[in-house]
Number of protein chains: 2
Amino acid sequence: MSLTVQDIGEQGLLKRVQAFCPQAIVGDDAAVLPTEPDQSIVITSDVLVDGVHFSDRTTPPESSGWRAIAANLSDLAAMGASPLGITVGLGLPKTTPVAWVERLYQGMSECLAQYGGAIVGGDLCRSPVITLAITAFGQVNPDCVIQRSTAQPGDAIFVTGYHGSSRAGLEMLLNSDTAPERAALIRAHQYPTPRFDIPQVTRCVSGMDSSDGLADAVLQICRMSKVGARLDRALIPIDPALQQWVSAEKAMDWALYGGEDFELVLTLPMEQAKLWVEQVKGSAIVGEITSDLAVQLIDSSGDFSDRALSLEQGFQHFRA
Amino acid sequence: MSLTVQDIGEQGLLKRVQAFCPQAIVGDDAAVLPTEPDQSIVITSDVLVDGVHFSDRTTPPESSGWRAIAANLSDLAAMGASPLGITVGLGLPKTTPVAWVERLYQGMSECLAQYGGAIVGGDLCRSPVITLAITAFGQVNPDCVIQRSTAQPGDAIFVTGYHGSSRAGLEMLLNSDTAPERAALIRAHQYPTPRFDIPQVTRCVSGMDSSDGLADAVLQICRMSKVGARLDRALIPIDPALQQWVSAEKAMDWALYGGEDFELVLTLPMEQAKLWVEQVKGSAIVGEITSDLAVQLIDSSGDFSDRALSLEQGFQHFRA
């Protein structure tokens, strides 16, 4: 029988998880952190529910913790911000093994150690379902904020890496024990990388992350910037392991709508975009912003006919 | 049939709740907020679960929203900070009425309108149980932080108001339709007041809020400051309506362990404490800090014998 949170109580559990926090900051009603002058603070938040957003079937607790942090840090990266810290709210059934909780915190800590920030606060409570609420905050030079609303017609649209890999990794974990080339795709699903490793961008860059899929990102940027876009399916970077595994149509569907790749989707005037893409291995120009408001998927290779993209095809939490 | 979140989907629900947020701040990957120079940021977080922390039986959705915000703002008040904003993570079953969600946000907005701060971000997701994750952040002059760890032997312990009222209000809502003088106690439970309305305190004030009960607050301050305390039960302010309703022993039990009164429990040298208490209606000196590490409940009126206080008698989430 493994030790459960019921066995050690709230105070016992609190002691164990505080081992993952900087001791000088936690333990009071709230955490106090200095900020640098001339920086704005940036805040983002996610709620993740066992069986909806994570599951022991596809992500061990270390991975669930890593993914929760990576998703929130990715939102900071998508604002041009650097991480300061996070709070962790955790709702747990009484029978949750203590070891599960410690492995979750281990995964969160490893992600923070790699990309910056610390666990500075949180809350533990009883819940009928494991629920993880993360709030991440960072800082940004207010002149260098990456916004969704500033894309201009004629801008190139470029991405920092492969799309569709996370969805493919999930599929392998759920359904296909015998798929070839499993490791990279499964890793893309279980341990995604927030993209802080990018060149300093100019103030006019626009963009967001692809947490809900590449199509969603382009559609959101177009809606907020009051522009349209033409995405070229021949240019969208997809891992060769994925291309070999499933049909071209399915791979493109996962790239557009799979989500959770946590790459950045950015726009800049074409010449600047070309220079940028040369500096970041794996990045690619995938289309352009148009003054026409439609968002089209075209195919410069000529194999597929054009089609319109819409949010309706994307992930809808309450209709799933 | 009332409209449910399933009927309008995530995007539809998002539009409705964004009506409660400042439009210039929400809609990107994360919220960006300026900070004032020479201020530190302060962060606190809570997770609240339907049936554990709130219930339509005792708190209408407006009250559940108000209480969630008040609890977090109270943590900011207990640090000497002023509110900047909050994020709201909300997990919902598909069948939740849209009107319930809007009433929850109405209550949150009313509390923020009264005490400061705005809803600057959040997350909506599907969950088998309604789950509300609040992170509040504020700012504080780093020289004026109220800490738990700086109480000194000889300090007076004082509180900003009645204790036990919230627990009494809950009891009335659950069990006693015929109790006299219901309104004030029920209001104390449903619409508690974070205590930002206090005089500017000197840098040496120590303290926290009484969210988990007066006994817990005193015990935490003593543990962090490595001191003891003597609390005088004859001095603890309890609403006369509560004193008339139940036995003295039960009223004291609720004052010490009931929790959720969200008053501040502070310590200062006796002369300064006396001046402070004169300025705040309803506040009272309730005891003193000792170098002896024990935390004792004494009775200057002589009716009850001394007893030791301990955390074990307080609220323990996972053992409830």
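Computed from a prediction, not measured in an experiment: that's the story for all the values here. Throughout this description, residue numbers start from 1 for each chain and increase along the sequence as written. Chains and ligands are labelled sequentially in the order written, the chains with letters from A and the ligands with numbers from 1. pLDDT decides what is reported in this predicted model: residues at 70 or higher carry local features, side-chain atom pairs at 80 or more are listed and counted, and totals for whole chains, interfaces and linings draw on all residues regardless.

Draft legend 1. Looking closely at the environment of B:Gly258. Residue and element names in this part refer to chain B. What counts as a helix is a DSSP run of H or I of at least four residues, what counts as a strand is a run of E of at least two, and both are numbered from the N terminus. Along the chain, the position of Gly 258 falls in the loop between α8 (248-257) and β9 (264-269). Taking the number of C-beta atoms within 10 Å as the measure of exposure, Gly 258 has 27 and is therefore buried. In the structure, Gly 258 is positioned 11 residues away from Pro 269 in sequence and 28 Å away in space, judged by C-alpha atoms. Apart from the residues lying within four places of it in its own chain, the contact partners of Gly 258 are Gly 164, Ser 166, Arg 167 and Gly 213. The burial criterion counts other C-beta atoms lying within 10 Å of a residue's C-beta, which is placed from the backbone; the residue is buried at 20 or more, exposed at 12 or fewer, and partly exposed between these limits. We call two residues in contact whenever the C-beta atoms placed from their backbones are within 7 Å.

Draft legend 2. Here's a closer look at the relation of the copies chain B and chain A. Residues below a pLDDT of 70 in either copy are left out; the C-alpha atoms of the rest, at least 70 in both, set the least-squares superposition of the copies. You can overlay chain B on chain A at an RMSD of 0.0 Å; the transform is a turn of 180° with a shift of 0.0 Å along its axis. On this basis, the relationship between the two copies can be described by a two-fold rotation axis. The fraction of interface residues of chain B whose copies in chain A are also interface residues reaches 100%, indicating that both copies meet through the same surface.

Draft legend 3. Molecular detail of the sheet that holds strand β10 (residues 284-290) of chain B. Residue and element names in this part refer to chain B. Strand order in this open sheet of 7 strands is β7-β9-β6-β10-β8-β11-β12, and the pairing throughout is mixed. For this open sheet the edge positions go to β7 (206-209) and β12 (307-308), each flanked by a neighbour on one side alone. For two strands to count as paired, DSSP must find a minimum of two bridges between them. Two strands pair when backbone bridges link them, and strand β6 (residues 155-159) and β9 are joined in this way by 5 bridges, in the antiparallel orientation. Within β9, the position partnered with Phe 158 by the bridge is Leu 266. All axes are obtained by fitting lines to C-alpha atoms, using only the stretch in contact for helices, and the reported angles, taken between N-to-C directions, cover 0 to 180 degrees. Set on the sheet, helix α9 (residues 270-279) makes contact with β6, β9 and β10; between it and β9 the angle comes to about 135°.

Draft legend 4. Focus on the nonpolar core. By size, the foremost hydrophobic cluster in this structure holds 181 residues, and its most contacted members are A:Val218 and B:Val218. Look past the residues within four positions of B:Val218 in its chain and what remains in contact with it is B:Ile157, B:Ala229, B:Leu231, B:Val265 and B:Val295. When buried Ala, Val, Leu, Ile, Met, Phe, Trp, Tyr and Cys residues are joined through C-beta atoms within 7 Å, the set is termed a nonpolar core.

Draft legend 5. Spotlight on the domain arrangement of chain A. Residues and elements named next belong to chain A. Throughout the structure description, domain borders are defined by an automatic or database domain assignment. Per the domain assignment, the segments making up chain A are domain 1 (5-142) and domain 2 (146-315). Here the C-alpha centroids of domain 1 and domain 2 sit 27 Å apart. Opposite the 15 residues of domain 1 that make contact, domain 2 presents 18 residues. When residue character is reported, Ala, Val, Leu, Ile, Met, Phe, Trp, Tyr, Cys and Pro are called nonpolar, Asp, Glu, Lys and Arg charged, and the others, Gly included, polar. Considered class by class, the residues forming the side of domain 1 that touches domain 2 number 8 nonpolar, 5 polar and 2 charged.

Draft legend 6. Region of interest: the sheet that holds strand β3 (residues 82-92) of chain B. Strand order in the open sheet made by the 5 strands is β1(A)-β2(B)-β5(B)-β3(B)-β4(B), with mixed pairing throughout. Since the sheet does not close on itself, it has two edges, and those belong to β1 (31-33) of chain A together with β4 (118-126) of chain B, each with one partner. Taken pair by pair, the neighbouring strands of this sheet meet at an average axis angle of 20°, ignoring direction. Bridge analysis of β3(B) against β4(B) gives 8 bridges, and the strand direction is parallel. Opposite B:Gly85, over in β4(B), you have B:Ala118 as the bridge partner.

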